[in-house]
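Read off the chains here:
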Amino acid sequence: MVWERQQGRGPGNEGRRREGAVRMVRRSRSRKLQKLTGLCRREEGLRVKRSCPSCGPSEPGGEEKKGRGNPVSILLFPPELVEHIISFLPVRDVVALGQTCHYFHQVCDAEGVWRRICHRLSPRLREQGSGVRPWKRAAILNYTKGLYFQAFGGRRRCLSKSVAPQLAHGYRRFLPTKDHVFILDYAGTLFFLKNALVSSTLGQIQWKRACRYVVLCRGAKDFASDPRCDTVYRKYLYVLATREQPGVVGTTSSRACDCVEVYLQSSGQRVFKMTFHHSMSFKQIVLVGQETQRALLLLTEEGKIYSLVVNETQLDQPRSYTVQLALRKVSRCLPHLRVACMASNQSSTLYITDQGGVYFEVHTPGVYRDLFGTLQAFDPLDQQMPLALSLPAKILFCALGYNHLGLVDEFGRIFMQGNNRYGQLGTGDKMDRGEPTQVHYLQRPIALWCGLNHSLVLSQGSDFSKELLGCGCGAGGRLPGWPKGSASFVKLHIKVPLCACSLCSTRECLYMLSSHDIEHHPAYRDLPASKAVGTPEPSLGAGAPQDPGGVAWACEEYLSQIHNCPTLQDRMEKMKEIVGWMPLMAAQKDFFWEALDMLQRAAGGAGQGPPPPES
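No experiment lies behind these values; they were computed from the predicted model shown.

**Quick look at the overall build of the chain**
On a plain count of helices and strands, the chain comes out with 13 helices and 28 strands. When the 615 residues of the chain are sorted by exposure, 45% land in the buried category. In the chain, 50% of the contacts between residues at least 6 apart in sequence involve partners at least 24 apart.

And the structure:
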């Protein structure tokens, strides 16, 4: 029995001895590790843990004892060495490191760091551009640039990225054509991205992808093509550029002149060139009209609009001819207006002034009826007559479709107007709107795009994540995830890039441009409480606080134009035009037009017979 008890207790004693030996080995190893790393005491380890690497130990307490390791502060390193080390980090890590403490914020914001990063991202970039922090802006522009696309009709929901030109200094604008894509960077270089057809994994769909690129031209300011959504019609590309022209004969001096160069989009070959006088400087170009009567609208730096007519069917013929550059009627009849930007489609043009006013030109009766719901003020003999839209606040940017439009004001509110047959206005129904109607559930969009019968909005959430919303017709996969379409803006099943800033949709593909400019801050203002609760808002025509003296100056111009008319009939006609220019409601315009017609008929009938005795 004693032997059995000893045999029963033996294995337990051996297990305890083994566990004790293992603990002793672990303890000896941990002591050696602490001795090698210099963390011999618990107090020193806590002190190093609480200290900031840039500011040294947190405890100002006395000198370290002899034989113990001292914590090293990053302040002991030369600033040039710290900047050199940080410049090897990715751009995202540099931005994150600058948010840790005040010292790293100053170091990561230094232009020396961003100059090295910019040279690493774009080795051929020599000039940093303009701005307060040019090297940081250039580095972030080159880091975030990208062009993403998705062909309609496929099953995948992730956007594919096209080839990025190494020479490009960020992406400012892009335009897809029938065969290729054109990209304009911030340095004025226009790139020609050539597409190639690549079979998808399903083996049924052909995906377009930019496989290589060439530099089309330099010194470009803006470019445009056929404004229709179907890229089949975009045969030519019009580029507004600056070129050095020789000066007076006998001198070696040269002067910069603006010109319009026309390129064939299929091959990139230049087929036509128009050079303007050196005293005229333009900043934007848009196209409107058919191929045989293509009107080029040019916006000057002073806010004036000039137009010229070109026949595209004769551009490929090797001959030279003179075209007439004329002042557009919106700048001729309203000289006090300074146009800030333009938008156009095949049959209409929209102007936004520097004070946020909106003026419209419609050239066909069908589109005019879709946009305004009536043909009361449409004059087929004077298609350039601008019509003012009545809006409650200053407009920042717009999007113009075939028969509907979208406007975004300074408070981030979206207003839609026009045909709503497919629900492309996003109002929740399919009723047409003859006046700008606010979409209440959307605020502060990044980009807005209007197509043939659908609309897209690029928005940003509170966590800085971006999403794409769409409404209207969903046929052909143009609203991914919603094949039957929607009368309200719904979230599309597409993963949007983090730095997406603009978008464009064609019949075959959806494109997104990725670029982040640190000098382009959101211009939206907070909506005042008085306007948020539904109180009446003053319109721009009633003396809005954005431009206290502009309305009075416009009225003086109107009166001077009426006074210059020689006859009463001419004054009546001029008054009708002025009513169309003024930002009034549609019902108010109809009332004034009917009243003026009655007065005009009465004046014409009174002029035929003898004057009454009272006169």
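**Quick notes on the sheet that holds strand 24 (residues 454-460)**
Strand order in the open sheet formed by 4 strands is 23-24-25-26, with antiparallel pairing between adjacent strands. Only two strands of the sheet have a single neighbouring strand rather than two, namely strand 23 (447-450) and strand 26 (486-491). Strand after strand, the sheet turns through a mean of 15 degrees between neighbouring axes, direction not considered. As defined by bridge partners, strand 24 adjoins strand 25 (residues 466-472) across 7 bridges and the pair is classed as antiparallel. Considered in strand 25, the bridge of Ser455 is made with Cys471.

**So, unusual backbone geometry**
Phi at Arg444 is positive, roughly 50 degrees, even though this residue is not glycine. Here Arg444 lies in the loop between strand 22 (433-443) and strand 23. Owing to a relative accessible area of 35%, Arg444 belongs among the partly exposed residues under this scheme.

**Here we look at the pattern of salt bridges**
By the definition in use, this model includes 19 salt bridges. In this structure, Arg116 engages Glu83 in a salt bridge whose closest nitrogen and oxygen atoms are separated by 3.9 Å. You can see Arg116 sitting in helix 6 (residues 111-121) and its partner Glu83 sitting in helix 3 (residues 79-86), a full 33 residues away along the chain. The class of Arg116 is partly exposed, set by a relative accessible area of 29%. The buried category is assigned to Glu83, whose relative accessible area is 19%.

**Quick word on helix 3**
Within the sequence span of helix 3, burial applies to Val82, Glu83 and Ile86. Along helix 3, the residues classed as buried sweep out an arc of 100 degrees about the axis, all on the same side. The outward face of helix 3, more than 90 degrees from its buried face, is lined by the exposed residues Glu80 and Ile85.

**Topic: the side chain of Asn453**
Along the chain, the position of Asn453 falls in the loop between strand 23 and strand 24. Looking at Asn453, its side chain comes within polar contact range of the side chain of Arg478, at 2.7 Å. With residues near it in sequence (within four places) discarded, Asn453 still touches Tyr422, Gln424, Gly472, Cys473 and Arg478.

**Remarks on the nonpolar core**
One finds Ile305, Met342, Leu350, Tyr351, Phe360, Phe372 and Leu407 to be the most contacted residues of the largest nonpolar core, which totals 46 residues. Setting aside chain neighbours within four positions, we find Tyr351 in contact with Leu297, Ile305, Arg328, Val330, Val339, Cys341, Met342, Gly357, Val358, Tyr359 and Glu361. Formed by 29 residues, the second largest nonpolar core is a distinct cluster that contains Ala168, Val181, Ala447 and Leu479.

**Considering the sheet that holds strand 9 (residues 254-264)**
Spatially, 7-8-9-10 is the arrangement adopted by the 4 strands of the open sheet, whose pairing is antiparallel. A single partner strand is all that each edge strand has here, and the edge strands are strand 7 (220-224) and strand 10 (270-275). On average, each strand axis in the sheet is inclined to that of its neighbour by 30 degrees, with strand direction left out of account.

**Structural notes on the environment of Ser390**
As for its placement among the helices and strands, Ser390 is situated in the loop between strand 18 (387-388) and strand 19 (395-400). Distance in space between the C-alpha atoms of Ser390 and Met582 is 8.4 Å, their sequence separation being 192 residues.

**Let's talk about the packing of aromatic side chains**
The final tally for this structure, using the stated rule, is 8 aromatic pairs. Between Phe276 and Phe282 the ring centres are 5.2 Å apart and the planes differ by 65 degrees, which places this aromatic pair in the edge-to-face class. Centre to centre, the rings of Tyr368 and Phe372 are 4.8 Å apart; their planes meet at 40 degrees, and the pair counts as tilted. Of this pair, Tyr368 and Phe372 both sit in helix 9 (residues 365-372), 4 residues apart, roughly one helical turn. Every member of this aromatic cluster is reached through a ring pair, and the members are Phe276, Phe282 and Tyr306. The lysine or arginine in question, Arg173, covers the ring of Phe223, its NZ or CZ lying 4.5 Å from the ring centre. If you follow Arg228 out to its NZ or CZ, it ends over the ring of Tyr233, 3.8 Å from the centre.

**Notes on a nonpolar patch on the surface**
Taken together, the side chains of Val72, Leu76, Phe77, Leu81 and Ile85 make up a nonpolar region of the molecular surface, amounting to roughly 510 Å² of accessible area. Relative to the assigned elements, Val72 resides in the loop between helix 2 (42-50) and helix 3. Overall, Val72 belongs to the exposed group, its relative accessible area being 61%.

**Describing the packing of helix 3 against helix 6**
Where helix 3 meets helix 6, the closest approach of the two axes is 9 Å, and the angle between their N-to-C directions is 35 degrees. As helix 3 runs across helix 6, the sense of the crossing is right-handed. Taken together, the residues of helix 6 that come into contact with helix 3 (itself represented by Glu83, His84 and Ile86) are Gly112, Val113 and Arg116.

**A look at helix 6**
All of the buried residues along helix 6 are Gly112, Val113, Trp114, Ile117 and Cys118. Buried-residue contacts for helix 6 involve helix 3, helix 4 (91-97), helix 5 (102-108) and helix 7 (134-144).

**Some words on the packing of helix 6 against helix 7**
The contact between helix 6 and helix 7 brings their axes to 8 Å, and the two run at 35 degrees. Crossing hand, helix 6 versus helix 7: left-handed. Listed contacts from helix 7 to Glu111, Trp114, Arg115, Ile117, Cys118, His119 and Leu121 of helix 6 are Pro134, Trp135, Lys136, Ala138, Ala139, Ile140, Asn142 and Tyr143. By residue class, the composition of the contact of helix 6 with helix 7 is 10 nonpolar, 2 polar and 3 charged.

**Topic: the environment of Gln265**
Examined against the element boundaries, Gln265 turns out to sit in the loop between strand 9 and strand 10. Each C-alpha atom of the pair Gln265 and Thr177 lies 7.2 Å from the other, and the pair is 88 residues apart in sequence. With residues near it in sequence (within four places) discarded, Gln265 still touches Thr177, Lys178, Asp179, His180, Phe182, Phe192, Arg234 and Lys235. Within the structure, the side chain of Gln265 is placed 2.8 Å from the side chain of Thr177, a separation counted as a polar contact.

**Let's talk about the side chain of Gln424**
By the secondary structure assignment, Gln424 is in the loop between strand 21 (413-418) and strand 22. If we ignore the near neighbours within four places in the chain, the residues touching Gln424 are Asn403, His404, Met416, Asn419, Asn453, His454, Ser455, Cys471 and Gly472.

**Examining the confidence of the model for the chain**
Detailed reading of predicted coordinates is not advised where the pLDDT is low. The share of residues in the chain with pLDDT of 70 or more is 77%, and the mean pLDDT across the chain is 78. Under a pLDDT of 50 for its full length, residues 533-549 has, in the predicted model, 23 contacts with residues more than four places off or in other chains.

**Some points on the state of the cysteines**
One pass over the full model with this rule turns up 0 disulfides. Free cysteine Cys501: the closest other cysteine sulfur is in Cys499, separated by 8.7 Å.

Cut-off values and rules
- Residues numbered from 1 in each chain as written.
- Predicted model: local features only at pLDDT ≥ 70, side-chain atom pairs only at ≥ 80, totals over all residues.
- Heavy atoms only, no water.
- Helix = DSSP H or I, 4+ residues; strand = E, 2+ residues; numbered from the N terminus.
- Buried < 20%, exposed > 50% of the residue type's maximum accessible area, 1.4 Å probe, protein only.
- Contact = heavy atoms within 4.5 Å.
- Pairing = 2+ DSSP bridges.
- Axes fitted to C-alpha atoms, helices over the stretch in contact; angles between N-to-C directions.
- Salt bridge = Lys/Arg side-chain N within 4 Å of Asp/Glu carboxyl O.
- Arc of directions from axis to C-beta.
- Polar contact = N/O pair within 3.5 Å; in protein donor to acceptor, adjacent residues only side chain to side chain.
- Core = buried A, V, L, I, M, F, W, Y, C linked by side-chain atoms within 4.5 Å.
- Phe/Tyr/Trp six-rings, centres within 6.5 Å; stacked < 30°, edge-to-face > 60°.
- Lys NZ or Arg CZ within 6 Å of the ring centre and 35° of its normal.
- Patch = residues over 30% accessible without salt bridge, like charges linked within 9 Å, V, L, I, M, F, W, Y side chains within 5 Å.
- Areas by Shrake-Rupley, 256 points an atom, 1.4 Å probe, with all protein chains shown as cover.
- Left-handed = near helix turned anticlockwise from the far one by under 90°.
- Nonpolar A, V, L, I, M, F, W, Y, C, P; charged D, E, K, R; others polar.
- pLDDT = per-residue confidence, 0-100.
- Disulfide = S-S within 2.5 Å.

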